[in-house]
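Structural characterization, general
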Amino acid sequence: ELYPRLTLQDHLYLAGEYGIGGVHLNARNPEIPAGFGGLVSRSCHSFEELASHPTEDYLFLSPIYDSISKTGYRAGYAPDELREAFVQGIINPRIAALGGIRPEHLPALQEYGFGGAALLGYIWQSATPGELVRRMLEIRKFNR
């Protein structure tokens, strides 16, 4: 019953076979599986790449901040560049910010026009289940 709510990043051909709701495209898996009709997302690493994918349901732009989980993976954009991309319509509600995102970044990301944010390293670098719950509650207070 949860399959329609899942998104696959690999073995995308299984989406049709199992009724998975979404597929995520990237350099390893750049093509939508034949006959797939669900949600499609894609990883992008430049404003040009965002602009070249107008049909995906949503896109991730990274790295916005220095990565939490990937050593040496540095922010790719200055705040002024993000603001200008928003003014030009490049960043819009179908673009989600990715890379080094922490709860305290969420207000700025809204200002830059992102429709959402992915807090991967921040969440999964938790040492304990209790810390994970604390972090989830911290995120929630910014989502009001």
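The preceding data block contains the structure.
The text that follows walks through the structure, step by step, so that each part is easy to find. Being a predicted model, the structure only gives us computed values, none of them experimental.

On to a nonpolar patch on the surface. On the surface, a nonpolar cluster with roughly 300 Å² of combined accessible area is contributed by Tyr3, Leu6 and Tyr18. Relative to the elements of secondary structure, Tyr18 occurs in helix H1 (residues 14–18).

A few words on the packing of aromatic side chains. Here a ring pair, both rings aromatic, is described through the centre-centre distance and the interplanar angle of the planes. Applying the stated criterion across every chain, the model contains 3 aromatic pairs. Where Tyr3 meets Tyr18, the ring centres are 6.1 Å apart and the plane angle is 85 degrees; that geometry is what we call edge-to-face. Taken as a pair, Tyr3 in the segment before strand E1 (7–8) and Tyr18 in helix H1 lie far apart in primary sequence, 15 residues in all. Owing to a relative accessible area of 40%, Tyr3 belongs among the partly exposed residues under this scheme. Summarising the aromatic geometry, the rings of Phe47 and Tyr77 are spaced 5.0 Å apart at their centres and angled 35 degrees between planes, so their arrangement reads as tilted. With Phe47 in helix H2 (residues 47–51) and Tyr77 in the loop between strand E4 (58–61) and helix H3 (79–87), the pair connects residues that are 30 residues apart, well separated along the chain. The pair formed by Phe47 and Tyr77 is uniform in burial state, with each residue classed as buried. Taking NZ or CZ as reference, Lys70 lies 5.1 Å from the ring centre of Tyr73, over its face. The positively charged end of Arg135 is found above the aromatic ring belonging to Tyr122, 4.9 Å away from the centroid.

The subject of this paragraph is the pattern of salt bridges. It is possible for side chains bearing opposite charge to pair when their charged atoms get close. One pass over the full model with this rule turns up 7 salt bridges. The shortest N-O distance in the salt bridge between Arg134 and Glu131 comes to 2.8 Å. One end of the pair, Arg134, and the other, Glu131, are both in helix H6 (residues 129–142), 3 residues apart, so they sit about a helical turn from each other. With a relative accessible area of 41%, Arg134 lands in the partly exposed category. The shortest N-O distance in the salt bridge between Arg135 and Glu131 comes to 2.7 Å. Of the two residues, Arg135 and Glu131 both sit in helix H6, 4 residues apart, roughly one turn of that helix. Overlapping salt bridges, with partners in common, bring together Asp80, Arg83 and Glu111 in one network.

With that settled, the discussion passes to unusual backbone geometry. A cis amide bond links Ser62 with the next residue in sequence, Pro63, at an omega value of -5 degrees. With respect to the element layout, Pro63 can be found in the loop between E4 and H3.

What counts, and at which threshold
- Residues numbered from 1 in each chain as written.
- Predicted model: local features only at pLDDT ≥ 70, side-chain atom pairs only at ≥ 80, totals over all residues.
- Heavy atoms only, no water.
- Patch = residues over 30% accessible without salt bridge, like charges linked within 9 Å, V, L, I, M, F, W, Y side chains within 5 Å.
- Areas by Shrake-Rupley, 256 points an atom, 1.4 Å probe, with all protein chains shown as cover.
- Salt bridge = Lys/Arg side-chain N within 4 Å of Asp/Glu carboxyl O.
- Helix = DSSP H or I, 4+ residues; strand = E, 2+ residues; numbered from the N terminus.
- Phe/Tyr/Trp six-rings, centres within 6.5 Å; stacked < 30°, edge-to-face > 60°.
- Buried < 20%, exposed > 50% of the residue type's maximum accessible area, 1.4 Å probe, protein only.
- Lys NZ or Arg CZ within 6 Å of the ring centre and 35° of its normal.

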